[in-house]
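Each chain, written out:
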Amino acid sequence: MASSPRPAATAAAHRRGLIQRPPSAQAYLSAAAALLVLAAVAFSRAGHRFPHPPATRRCRPDAEGSWSAGVFLGDSPFSLEPIEHWGISKADGAAWPVANPVVTCAEVEDAGFPSSFVAKPFLFLQGDAIYMFFETKNPITSQGDIAAAVSEDAGVTWQQLGVVLDEEWHLSYPYVFTYKNKVYMMPESSKNGDIRLYRALDFPLKWELEKVLLEKPLVDSVIINFQGSYWLLGTDLSSYGAKRNREISIWYSNSPLSPWIPHKQNLIHNTGKMLSTRNGGRPFIYNGNLYRVGKGQGGGSGHGIQVFKVEILKSNEYKEVEVPFVINKQLKGRNAWNGARSHHLDVQQLPSGKPWIGVMDGDRVPSGDSVHRLTIGYMIYGVVLILVLVTGGLIGTINCSLPLRWSLPHTEKRSGLFNVEQRFFLYHKLSSLISNLNKLGSLICGRINYRTCKGRVYVVVVMLILVVLTCVGTHYIYGGNGAEEPYPIKGKYSQFTLLTMTYDARLWNLKMFVEHYSNCASVRDIVVVWNKGQPPAQGELKSVVPVRIRVEDRNSLNNRFNIDSEIKTKAVMELDDDIMMTCDDLERGFKVWREHPDRIIGYYPRLSEGSPLEYRNERYARQQGGYNMVLTGAAFMDHGLAFKKYWSKEAEVGRQIVDSFFNCEDILLNFLFANASLTSTVEYVKPAWAIDMSKFSGVAISRNTQAHYHVRSKCLAKFSEIYGNLTAKRFFNSRERKPSPR
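None of the values given here were measured: they were computed from a predicted structure.

### Concerning the state of the cysteines
Applying the stated criterion to the full structure yields two disulfides. Between the sulfur of C520 and that of C583 lies a disulfide, 2.1 Å long from S to S. The sign of the -75 degrees torsion about the S-S bond sets the C520-C583 disulfide as left-handed. Taken together, the residues C520 in the loop between α7 (507-517) and β23 (523-530) and C583 in helix α8 (residues 583-595) connect sequence positions 63 residues apart. Taken as a pair, C520 and C583 share a single burial class, namely buried. Disulfide partner of C664: C715, at an S-S distance of 2.0 Å. Taking the sign of the torsion about the S-S bond as the criterion, the disulfide between C664 and C715, at about 80 degrees, is right-handed. With C664 in the loop between α11 (652-661) and α12 (665-676) and C715 in helix α13 (residues 705-723), this residue pair connects regions lying 51 residues apart in the sequence. Note on C664: relative accessible area 0%, which makes it buried. By relative accessible area, C715 is classed as buried at 0%.

### Regarding the side chain of E587
Looking at the secondary structure, you find E587 in helix α8. Separated by 3.4 Å, the side chain of E587 and the backbone nitrogen of A521 make a polar contact. Filtering out sequence-adjacent residues up to four positions away, E587 remains in contact with E485, P486, Y487, C520, A521 and S522.

### Considering the sheet that holds strand β24 (residues 547-551)
The strand order across the open sheet formed by seven strands is β24-β23-β22-β25-β31-β27-β32, and the pairing between neighbours is mixed. Two strands lie at the open edges of the sheet, namely β24 and β32 (682-684), each paired on one side alone. This sheet shows a mean twist of 25 degrees between the axes of neighbouring strands, independent of strand direction. Two elements, β23 and β24, share five bridges in a ladder whose sense is parallel. The residue of β24 that forms the bridge with V527 is R548. On the sheet, α8 packs against β22 (496-502), β23, β25 (571-575), β27 (600-602), β31 (634-638) and β32 and is oriented at approximately 30 degrees with respect to β31.

### So, the UniProt feature "transmembrane region" (unreviewed entry) in the protein chain
Those residues carrying the UniProt feature "transmembrane region" (unreviewed entry) are residues 378-404 and 457-478 in this numbering. Across residues 457-478, helical content stands at 100% and strand content at 0%; the span's end C-alpha atoms are separated by 31 Å.

### Quick word on the packing of α11 against α13
Where α11 contacts α13, the axes come no closer than 11 Å and their chain directions differ by 165 degrees. Considering their axes alone, α11 and α13 lie roughly antiparallel with respect to each other. As for the relative orientation of α11 and α13, their crossing is right-handed in sense. Contacts between α11 and α13 pair V653, G654, I657, V658 and F661 from the former with V711, K714, C715, K718, F719, I722 and Y723 from the latter. For the contact of α11 with α13, the per-class residue count stands at nine nonpolar, one polar and two charged.

### Re the sheet that holds strand β17 (residues 289-295)
Taken together, four strands build an open sheet; the order of strands is β16-β17-β18-β19 and the sheet is antiparallel. At either end of the open sheet lies a strand with only one pairing partner, and these are β16 (284-286) and β19 (317-323). This sheet shows a mean twist of 40 degrees between the axes of neighbouring strands, independent of strand direction. Looking at chain direction, strand β18 (residues 305-314) and β19 are connected through seven bridges and run antiparallel. Counterpart to V307 in the pairing with β19 is V323.

Thresholds, definitions, all that
- Here the residue numbering is sequential within each chain, running from 1 through the sequence in written order.
- Predicted model: local features are reported for residues with pLDDT of at least 70 only, side-chain atom pairs are reported and counted for 80 or more only, and whole-chain, interface and lining totals are derived from all residues.
- In computing side-chain properties, one takes all heavy atoms of the structure into account and sets aside hydrogens as well as water.
- We call a pair of cysteine sulfur atoms a disulfide whenever their separation is within 2.5 Å.
- Secondary structure follows DSSP: runs of H or I at least 4 residues long count as helices, runs of E at least 2 residues long count as strands, and numbering of each begins at the N terminus.
- Relative accessibility thresholds used throughout: buried, under 20% of the residue-type maximum; exposed, over 50%; partly exposed, between the two (1.4 Å probe, protein chains only).
- We call two N or O atoms a polar contact when they sit within 3.5 Å, provided that within protein one can donate a hydrogen and the other can accept it, with sequence-adjacent residues counted only if both atoms are side-chain atoms.
- The contact rule is simple, with two residues in contact once any of their heavy atoms fall within 4.5 Å.
- Pairing between two strands requires that DSSP report at least two bridges joining them.
- A fitted line through C-alpha atoms represents every axis, and for helices the fit uses only the stretch in contact; the resulting angles, taken between N-to-C directions, go from 0 to 180 degrees.
- UniProt positions are given in the numbering used here, feature names are shortened, and annotations may be inferred rather than shown by experiment.
- Angles are sorted into four bins: roughly parallel if under 35 degrees, roughly antiparallel if over 145, roughly perpendicular if 65 to 115, and oblique for all others.
- Here a crossing is taken to be left-handed if its near helix is turned anticlockwise relative to the far helix by less than a right angle, and right-handed if that turn runs clockwise.
- Residue polarity is assigned by list, with Asp, Glu, Lys and Arg as charged and Ala, Val, Leu, Ile, Met, Phe, Trp, Tyr, Cys and Pro as nonpolar; anything else, Gly included, falls into the polar class.

Below, the structure is given as structure tokens:
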């Protein structure tokens, strides 16, 4: 029976939206697609690094990862510590203390030379100057060049000199040494099929070819003067049966310029199954013994450094044994600059009996990581596509059957009986396949009625799964290498101390807090101010950085700002143990503080205003267009400056008020800073996201918000009488996360 035509008034009402049609399957799928897009965008804005447009890219790591170079110091080559452990500060470099890495590809680019990584560094000492020669890869030509940098302060800061040697073939491993008061460089040039010696014409910027030492594609070669002879050690990839890491070849001579005689035992294999014979840096002499540096196992790029003591080095015999060699480095995995691998070390003793200095390369990204992450990301996207198609079939918006005409034979003229039979056979197989697919499709199509409550629940669940999978896939494809990288200031990195105050009832918070934040790149150590109860044993807190528990004599909020001479960094991040945020948010706040070290840089702005004064939250501050306080429960500060102010004679009355209310220690510090300057003394950094765990706990002093704000308003009134009013100072220039080149 034919349906009656729709009245014009009703049709017009539909067009104006006065009468709503029931949602269609297409509407649900459109909503799902919109949610997926919004999820991807929100996920990218939540702190994950999407690739920047080519015009804004700086030093984007390629397949080699993110290689860079760091400095280590020690009383011997076997007691080297990262430079940050020595507490060396450099105010003009915005580093307190200076931290590794000290040379990165970004600095090479700043000097005007395109670079995608820095690796295989060698040192050369000349008076008080230390020169570093290293391989840098040009991302435009995909070729390795030799670049140089110089330090006038024992390796603390480095001035980039740019590329000093560029050939038509790949260069690396720039081994530099002196012979008869002349400076020579022997870089790896195996791509050209030989090993070449260059002499400095205008050190360190200009070099000329002195001679070709050997017509062999040697890799990672060194020349040493030992026991009256010169020895050349390298890996000869042209030798029969040679493997990339498992052997070396040796030649000897009376001088680096004389003909080289092969060793009787070439190829020299390492007997240990887990050992690598390939050179990984400059051999060194310590206490009269010769030591050779080798690459650790893990393929061409290696995963560590091994040191071998050379027991016999003669023209017909060679013997070495591995010796213990451990460098104390961060255990933060991808969040450490050398967390994934290192494969090169050069150590030398500074003149006049000074400490030994070592320079090591490192990478935070495992080999092949970019391909691995892309593969996983696109596989997840494929699963999302399949789920969308299956869901469309289940709710009946996608036709699950294939037309049989796809399998019918064509009627054009065919030549050859064999071809005709073969084509009909293929059509038969195709028809059978389509028939089976249609049977499978009939089991799917229209199985969910999206107009019922049960059907809508199914659709919502599938949409949530699609959103989650889209976020995960987006993270793997666009989220970089997964590492939370620190932000350099003036090309330099630094570290800070994380300080939190707690007591026994919040131990579960503390365990989660320490485990999470200890992995952040710039966290040097964690100080736990223990106010009350039995403190945890050291082993109860899982951390990759040192944790110190400072047990206080009495339960007071003033303990948060106790002067602590054991804190080794200038910056302290005061962070309540119930606040969880990303490491990237922490790193951004640290960057802002390094730009303004005289300020308190915090994540939670507050406003005090009115008569009488009232304590207002962030939402109100935004509505009024400004803030004049930041909570020190999540803030960076100079602990020497801030703690001294807090324990000054001027602040004594304020500390008594804090004890009487058991509240307001952060408000007091804001007043003390505001009185010290006519300019901005606090600054707000907006986190991408943060979770206040106190909302899930019954032990927070601020769990009753109304009562908590009432007490803090009382504090404002009292502090204003003593230290002046804050209402005249109001600012709002929040540092929100913006994509910026690294």
